[in-house]
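Structural description and commentary
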2 protein chains.
Amino acid sequence: MDFQTKLEHLAELAIRVGTNLQYGQRLNIYAPLESIELVRLITRKAYQAGASLVVVFWTEEAIGLERIVHSQDEFLTRVAEEPFRNYEEFTQRGDARLRIRISKPEVFANADADRMQVISKATNARAKLSLDKFHSSMVNWSIVPFAVPNWAEVVFPNEAPDIGLEKLWDALFMATRADQLEPVQAWQQHLTQLEARRDFLNLQKLQRLEFKAPNTNLTIELPVLHRWEGGSAQTINPNHPSSIRYVPNLPTEEVFTVPHRLGVNGLVAATKPLLARGKIIEGIVMTFKDGKVTEARASKNEQTLLQILELDEGASRTGEVALVAESSPVARSGLLFQETLFDENAACHIAMGSAYSYTIQGGDSMTNEQLLEHGANNSQVHMDWMIGSSQMDVVGIRADGSKLELLSAGQWAFEV
Amino acid sequence: MDFQTKLEHLAELAIRVGTNLQYGQRLNIYAPLESIELVRLITRKAYQAGASLVVVFWTEEAIGLERIVHSQDEFLTRVAEEPFRNYEEFTQRGDARLRIRISKPEVFANADADRMQVISKATNARAKLSLDKFHSSMVNWSIVPFAVPNWAEVVFPNEAPDIGLEKLWDALFMATRADQLEPVQAWQQHLTQLEARRDFLNLQKLQRLEFKAPNTNLTIELPVLHRWEGGSAQTINPNHPSSIRYVPNLPTEEVFTVPHRLGVNGLVAATKPLLARGKIIEGIVMTFKDGKVTEARASKNEQTLLQILELDEGASRTGEVALVAESSPVARSGLLFQETLFDENAACHIAMGSAYSYTIQGGDSMTNEQLLEHGANNSQVHMDWMIGSSQMDVVGIRADGSKLELLSAGQWAFEV
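Here the structure is a predicted model, which is why all the values come from computation and not from measurement.

**Section: unusual backbone geometry**
- With an omega dihedral of 5°, the bond running from A:Leu250 to A:Pro251 counts as a cis peptide bond.
- Mapping A:Pro251 onto the fold places it in the loop between strand 9 (245-246) and strand 10 (255-257).
- A positive phi angle, near 55°, is found at A:Gln338, a position not held by glycine.
- One can find A:Gln338 in the loop between helix 10 (329-332) and helix 11 (340-343).
- Even without being glycine, B:Lys205 reaches a positive phi, approximately 45°.
- Its place among the elements puts B:Lys205 in the loop between helix 8 (183-204) and strand 5 (206-213).

**Overview of the nonpolar core**
- Of all hydrophobic cores here, the largest spans 130 residues; its most connected members are A:Ile42 and B:Ile42.
- When near neighbours in sequence (up to four residues on either side) are disregarded, B:Ile42 contacts B:Ala11, B:Ala14, B:Ile15, B:Leu27, B:Ile29, B:Leu98, B:Ile100 and B:Val144.

**Side note on the interface of chain B and chain A**
- On the side of chain A, 38 residues touch chain B, which itself brings 38 residues to the contact.
- Interface of chain B and chain A: buried area, both sides summed, is about 3500 Å²; carbon and sulfur atoms make up 58% of it.
- Broken down residue by residue, the surface that chain B buries against chain A is led by B:Tyr47, B:Ile63 and B:Glu66, which jointly contribute 18%.
- Our enumeration of links across chain B and chain A arrives at eight salt bridges.

**Re the pattern of salt bridges**
- The full count for this structure, using the stated rule, is 56 salt bridges over all chains.
- Between A:Glu88 and A:Arg126 there is a salt bridge, with the nearest N and O atoms lying 4.0 Å from each other. Of the two residues, A:Glu88 is situated in helix 4 (residues 82-93) and A:Arg126 in helix 5 (residues 113-131); the sequence distance between them amounts to 38 residues. As far as the burial class goes, A:Glu88 and A:Arg126 line up, both buried.
- Connected through shared salt-bridge partners, A:Arg26, A:Glu89, A:Arg93, A:Asp95, B:Glu82 and B:Arg85 make up one network.

**Points about the packing of helix 1 (residues 3-18) of chain A against helix 2 (residues 36-48) of chain A**
Residue and element names in this part refer to chain A.
- Orientation of helix 1 relative to helix 2, taken along the N-to-C sense of each, is 55°, at an axis distance of 9 Å. When the axes of helix 1 and helix 2 are compared, the pair comes out oblique. In terms of crossing hand, the pair formed by helix 1 and helix 2 is right-handed. Every residue of helix 2 that contacts helix 1 at Phe 3, Gln 4, Leu 7, Glu 8, Leu 10, Ala 11, Glu 12, Ala 14 and Ile 15 is listed here: Glu 37, Leu 38, Leu 41, Ile 42, Lys 45 and Ala 46.
- Classifying every residue of the contact of helix 1 with helix 2 by side-chain character gives 10 nonpolar, one polar and four charged.

Conventions adopted
- Going along each chain's sequence as written, the residues are numbered from 1 onward.
- Chain letters and ligand numbers both follow the written order, the letters beginning at A and the numbers at 1.
- The predicted origin of the model limits local features to residues at a pLDDT of at least 70 and limits the giving and counting of side-chain atom pairs to 80 or more, whereas totals for whole chains, interfaces and linings rest on all residues.
- In computing side-chain values, all of the structure's heavy atoms are included and hydrogens and water are not.
- Runs of E in the DSSP output that reach at least two residues are strands. Runs of H or I that reach at least four are helices, and both are numbered from the N terminus.
- For our purposes a nonpolar core is just a set of buried Ala, Val, Leu, Ile, Met, Phe, Trp, Tyr and Cys residues, chained together by side-chain atoms within 4.5 Å.
- Residue exposure (1.4 Å probe, protein chains only): buried if accessible area is under 20% of the type maximum, exposed if over 50%, otherwise partly exposed.
- What makes two residues a contact is simply this: any of their non-hydrogen atoms within 4.5 Å.
- Buried area: the accessible surface (1.4 Å probe) lost by two parts on joining, summed over both.
- Any Lys or Arg side-chain nitrogen located within 4 Å of an Asp or Glu carboxyl oxygen qualifies as a salt bridge.
- Simply put, an axis is a line fit to the C-alpha atoms, just over the touching stretch for a helix, and the angle between two N-to-C directions goes from 0 to 180 degrees.
- Note on terminology: angles under 35 degrees are roughly parallel, angles over 145 are roughly antiparallel, angles of 65 to 115 are roughly perpendicular, and the others are oblique.
- Two helices that cross are described as forming a left-handed crossing if the nearer one is turned anticlockwise from the farther one by less than a right angle, and a right-handed crossing if clockwise.
- Any residue that is not Ala, Val, Leu, Ile, Met, Phe, Trp, Tyr, Cys, Pro, Asp, Glu, Lys or Arg is counted as polar, Gly included; the first ten are nonpolar and the last four charged.

Interpretation note: all reported values are geometric properties and have no functional meaning in isolation.
Given below as C-alpha cells:
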C-alpha cells in the first residue's frame, strides 16, 4: 500500500471513526503548519461527508518561542481572549473538533524556564475558565498524529533523516491502523474488544488498585462512583439530544478511570521519558501520601517537573489512572515516541492534575465542588506519565477484599 | 548584502515603517503558511519593539479550494462568524494589523466559477457588515510581500525555479527598499517626496481628470470634497487620542483620490492582466457612462470579471483613481507581478467598487448615505486594475477651466 493511500486512510479515520463527523456539522481543525498535506485530505473527506463548514486554526511553536525570548517582562501575562471565546462558542453549538498532533521534542529546550512559567500560568488559568464551563463530551472530538522530521530524529536517532521519517510514518500508520485494507472496519473490531474490558472492569466495583514493579509500589484507591472508560465515547450536549459516538484519540489502547484524589500512596517511577513544555524530563520518581506528591525527583529537567507540580493545588495530585497491555501495537513497536498520544498507549500511566468528569458516574452534571467531594481531582494541569512495563503487575481489590489480577508482567491477566 | 539581512530589513520595515508598532500595542498578523520565516522575524522585531502580544492568523488557500470542489451545495453560503467578530474587536481596541501578501496566480483556475460566486457573495456580504462599522484608519495597518515558488514561476516563466525565486526576492527587496543599507531612512525620504506631490495636488482643487492613451479616453470628475492621499496615513481612533503615522502598503508609489461615483465617462483599457479570485483576467476593456460600466469585455476569464461587476450595485462603479509614474522602482523593474500590491505601484489605476472614506474631507465621520451624497461609491468590492503605461497622458482641470499636466508619457509632469 503506498504512502498516499495510507495518508488518505488516516484522513478517513479522522472523519469516520475519530470525530465521526455528522452531516451538517461544522468541523474545527487545530493543526500545526507542517501538517497541511493531511489537513487538506481531512478537509476533503469532511466536505464529502457533509460538513457544513471546515475551519482550520493553524499553530506554530516558533512564534511562542520568539515571545519567550524577546517579549518585555511586563507583557508576559497577556493572554489572547479570542481562542477561548471561540472554544466556548464551538462547544455550545456542538461543532466537531479535530486536533493534528506532531511532536517537536525539545523545541523549548533552551528557553528560560521562569519566563515560560509566567506565560503558562496566565494561559492555563484563562484556559481553565473556559474548560470548567463544559465537560469534554459536549462535542465529538479527536486527535490524530502527523510525522515531522524533528520527531523522527528523536524516535530514530541512528537513521538517515529521510529513512527515519519514513519509519516514523510506518509506525504511525501501524498504530492508527491506517495501513490496513479496511481501516474503519479494523477500528470497529478493536473498539469492541477494548470496550469489553472496560465494561468488565465496571462490573467489578473495584475499591483499590495495586501497582508493583521495580522502584514502584503504589496503591490507588478508587472513588465509589468511579467509572472505567476506554474505546469510544458518547457526546452529551443539551443542544443536540441525539448522542454521537466518537473516539478521542487515534491510536487508543487504554482503559482508564479516576484515582481518589486523597487515596494515592507509595512510590512510583517513570518507565519512559516525559516531554513537557518542550523539554524531555527523564528519570522521574515520586512519593505520594494521601493523594499528594511529597517528593518528586528527575534525573533531567527536574525544574520543569517541579514547576508543573506547583502550578496549582491539584497539580501535585492525580486525575487519571490507565491500564495498557504490552500487547498493544504501540507497545509492540518497541518505540519511544516522546509524545503522550503514543506513549500513553504503550504503557500503564497516571496523570497529574485534573480528572475527567465523565470518569465519575453522573460527573458530567456535577459542579467542581461536587466532583472534589466524590474524589475527582481538579487542576489546570492534566499531564500523563508512563509507569508501566513488562515487569509490572497490577491487582484490583474488590469491596469484599477479593483480588482480581489485571495485568501480569505487563500483559492482560483477565479474559473478556 | 545577504538574503538573511534583507529579510530582516523587511521585517524591520514592517514594524518600524509599515505598522509603526507602538510600545504596548498588540499586533495581529495575517499570514500564509509559506511565510513562516518572515513572520518569525517580524514577531521577534515586534516583541523587541515592545509589542504586548503578537498573534498570527494563518491562511491557506488549499483549504478553500477543497470547499469549492467538495462541499454540499446547501452549505456554500455558510460563513464563519469569528474572524469578523475578531476584526471588530481588534479595530475598536486599536491593535496594529499586518498582512503578509503572497501571490499564487491561478490557484483557483480550474474551480467552478458559479460555486465560487456563491461563496464569495456570502463572505463579502458578511465582511461588509464589519468593514462598514469602522473606517480603515482606526488602526495602524500595513501589507508586506513574501516570495513563493508559484509566484516566481509566473513572474519569471523562463527561469529555473530556484533562479526565478531568487530573482523575485531581489525584485521584492528592491521595491520595498529592504536592500538598502538604511532602509528606514530611505523610506522616510521616499515618503517625504510622495507626500509633497499629494499636498501639491490637494492645493489645486481639481474638478476633473482626463486620461488619454491608446484605447483609453476617460474623464473622471472628482467630488468637491475629494482628498488626495499617498505615502503615510494617520490613525484616527476615539479610544486612542494620539494618532499613529503608518504606511499601508510596502511598496507604495501612488497618490490617489476618489472619483465621483456618477462622474466617470468614456473608454478605458487595462494595460496589465488582473489576478482576481485566483484567475488571471486579460484584455479588459470597459465603457463608462455617468459613473457606471455599460460594457465590459475581457479576452480571458471574462466570466469572472462580469461576476465581480455584478456582486452589487456599487461593483460596476469606481471608488479610487491613482496616479503612478513610470519612474517608480516597481515600474522600472519592468516586471509583471500579477499581484495588485506590486502592479498598482507600477501604473496608474482605478478601482471598481468602494471608495476609502478618508479620501473625502471629513469622510471618516460620515455615514454611508452621506458619503454617497458626496460622490464616494459604496460596495463590498474594491478591485484595482491597471490602466497606465508609458503612452499615457493625464491632465487635471481646475474649477476655472485651467489645465495642469499631471503625467506625460507616463512620467510626472509637475515639479514639487
